[in-house]
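Chain by chain, the residues run as shown.
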Amino acid sequence: MILNDNQKIYLGDRTITKLIFETLTNKISIEFDCVSIFATKHWIPEKSIDIDNCVIDFFDVKNYSLTPTGFIPNDFIVNIEMSNHKINIKTLGELYNPQSEQLDIIEGDLHIEFGRYNINY
């Protein structure tokens, strides 16, 4: 599924559950616990389509980054921006702190530059 010009996705209160890198095919897949697709001006829960365990595949990946180094995105999504074959997901996650020898919850970024995408449900 590809979003049309009227559709948007809502990822607030949601999380990334998997990141899959398929290096031979230049594909990155992101699994979310839930994705809501809506066509209204603002997200209205009753008027959206909720897709549990939704995977968005990004094909023809040209570049990607996960910052800061060592960051594991595994908590709430703070913000998402997608345009011109680029997506940036600001999310909470864990990063090892060598001083405390524990994992700290921090905010980080997943950035992907891609040729096309597909929403699987």
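Residues numbered from 1 in each chain as written. Predicted model: local features only at pLDDT ≥ 70, side-chain atom pairs only at ≥ 80, totals over all residues. Heavy atoms only, no water.

A. Broad picture of the sheet that holds strand 6 (residues 72–83). Taken in spatial order, the four strands make up an open sheet running 5-8-7-6, and their pairing is antiparallel. Each edge of the sheet is formed by a strand with only one pairing partner; in this case those strands are strand 5 (63–67) and strand 6. Ignoring which end each strand starts from, the neighbouring axes of this sheet average 20 degrees apart. Examined bridge by bridge, strand 6 and strand 7 (residues 86–97) share eight bridges and lie antiparallel to one another. (Pairing = 2+ DSSP bridges. Helix = DSSP H or I, 4+ residues; strand = E, 2+ residues; numbered from the N terminus. Axes fitted to C-alpha atoms, helices over the stretch in contact; angles between N-to-C directions.)

B. Spatial organisation of the pattern of salt bridges. Per the stated rule, a full pass over the model turns up five salt bridges. Between Lys27 and Asp57 there is a salt bridge whose closest N-O contact spans 4.0 Å. In this pair, Lys27 is assigned in strand 3 (residues 27–38) and Asp57 in strand 4 (residues 49–59), connecting sequence segments 30 residues apart. Relative accessible area serves as the criterion here: at 7%, Asp57 is assigned to the buried category. In this structure, the salt-bridge partner of Asp60 is Arg116, at a minimum N-O distance of 3.9 Å. Of this pair, Asp60 sits in the loop between strand 4 and strand 5 while Arg116 sits in strand 9 (residues 116–120), placing them 56 residues apart in sequence. You can call Asp60 partly exposed: its relative accessible area is 38%. The partly exposed category is assigned to Arg116, whose relative accessible area is 46%. (Salt bridge = Lys/Arg side-chain N within 4 Å of Asp/Glu carboxyl O. Buried < 20%, exposed > 50% of the residue type's maximum accessible area, 1.4 Å probe, protein only.)

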